[in-house]
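# Remarks on the overall topology
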Amino acid sequence: MILSDRTIKLELARGRIVVDPIDPDDIQPSSIDLHLGENFQVFRSSRLPFIDPDREQPGLTERVVASVAEPFVLHPDEFALGTTVERIALPDDLVGRLEGKSSLGRLGLLIHSTAGYVDPGWDGKLTLELSNVANLPIVLTPGMRIGQISFSQMTTSVDRPYGHPDLGSKYQGQTEATPSRMYMKRLTPPPL
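Once a new chain begins, its residue numbering starts again from 1 and follows that chain's sequence as written. For this predicted model, a pLDDT threshold of at least 70 governs which residues receive local features, and a threshold of 80 or more governs which side-chain atom pairs are given and counted, while totals over whole chains, interfaces and linings are taken from all residues. Hydrogens and water molecules were not included; the side-chain quantities draw on all heavy atoms of the structure.

### Section: a nonpolar patch on the surface
Inclusion rule: Think of a patch as exposed residues, more than 30% relative accessible area, with no salt bridge, where like charges cluster within 9 Å and nonpolar side chains (Val, Leu, Ile, Met, Phe, Trp, Tyr) cluster within 5 Å. Residue burial considers only the protein chains on display, and all accessible areas are found by Shrake-Rupley using a 1.4 Å probe. By definition, a salt bridge exists where a carboxyl oxygen of Asp or Glu is found within 4 Å of a side-chain nitrogen of Lys or Arg. Note on conventions: DSSP H or I runs of at least 4 residues are helices, E runs of at least 2 residues are strands, and numbering of each starts at the N terminus. When a residue's accessible area, from a 1.4 Å probe over protein chains only, is under 20% of the maximum for its type it is buried; when over 50% it is exposed; and in between it is partly exposed.
A surface patch of nonpolar side chains, about 260 Å² in accessible area, is lined by F43, I51 and F79. For F43, the location among the structural elements is in strand β3 (residues 39-43). Here F43 falls in the partly exposed class, since its relative accessible area comes to 33%.

### Focus on helix α1 (residues 5-14)
The condition that has to hold: What the arc measures is the spread of directions leading from the helix axis to the C-beta atoms. Throughout, a contact is declared for two residues whenever any of their heavy atoms are within 4.5 Å.
Turning to α1, its buried residues number three or more, namely I8, E11 and L12. Viewed along the axis of α1, the buried residues span an arc of 100 degrees, placing them on a single side of the element. Projecting away from the buried face of α1 at angles above 90 degrees are the exposed residues R6, A13 and R14. The secondary structure elements touched by the buried residues of α1 are β1 (18-20), β2 (32-35) and β12 (145-153).

### Notes on the layout of surface pockets
We apply this condition: Only protein atoms enter the 1 Å grid used here, on which a cavity is any set of points holding a 1.4 Å probe that cannot leave and a pocket is any open set flanked by protein within 12 Å on both sides along at least five of seven lines; residues with an atom within 4 Å of a point are listed as lining. Grid points are joined across faces, edges and corners, and a volume is the space filled by probe spheres set on the points. We call Asp, Glu, Lys and Arg charged. Ala, Val, Leu, Ile, Met, Phe, Trp, Tyr, Cys and Pro are nonpolar, and the rest, Gly among them, are polar.
Put simply, the largest pocket is a space of about 1,100 Å³. Take the lining of the largest pocket: its biggest share by element is three residues, from strand β10 (residues 123-132). Here the residues of the lining of the largest pocket sort into 22 nonpolar, ten polar and eight charged.

Take a look at the structure:
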């Protein structure tokens, strides 16, 4: 079941859900609005001939810091990584779901390609997968409302929450836009 605003407020007050910082005005009927951080990672296509997910590729992305005075501009058909202002932490029996804001989607901005799922046990800022599918550039100003997170109750607590040593969780505790760490393999591959 998806948590209502009333339950979200209770879970925040109990400290089971952490959204830091939080403005009470950001609590919506079944979600919490999240804001765009200042850190971005942009792809440097002139440095490497291709992306190889199986190996580390230093220099594939470059860190860019935006500000209100100098916002980040995402051009048509471009992809960049961003981050939320808020740190999110979830208990071992709740799942988060990140979605874009409808008003921004109507302008052609997508905030995640596939990483909209926030595992039980997660703790850190969320990396956004920003895509502009419009035919004009979109100005992204740090602090703007960029997305929303909803929460679902699981049937039980999980045995191994995100960050558990057996899982090889690569992004726990991240504080800014984090490029792919797919090259960091699990120590023991799962059975085929």
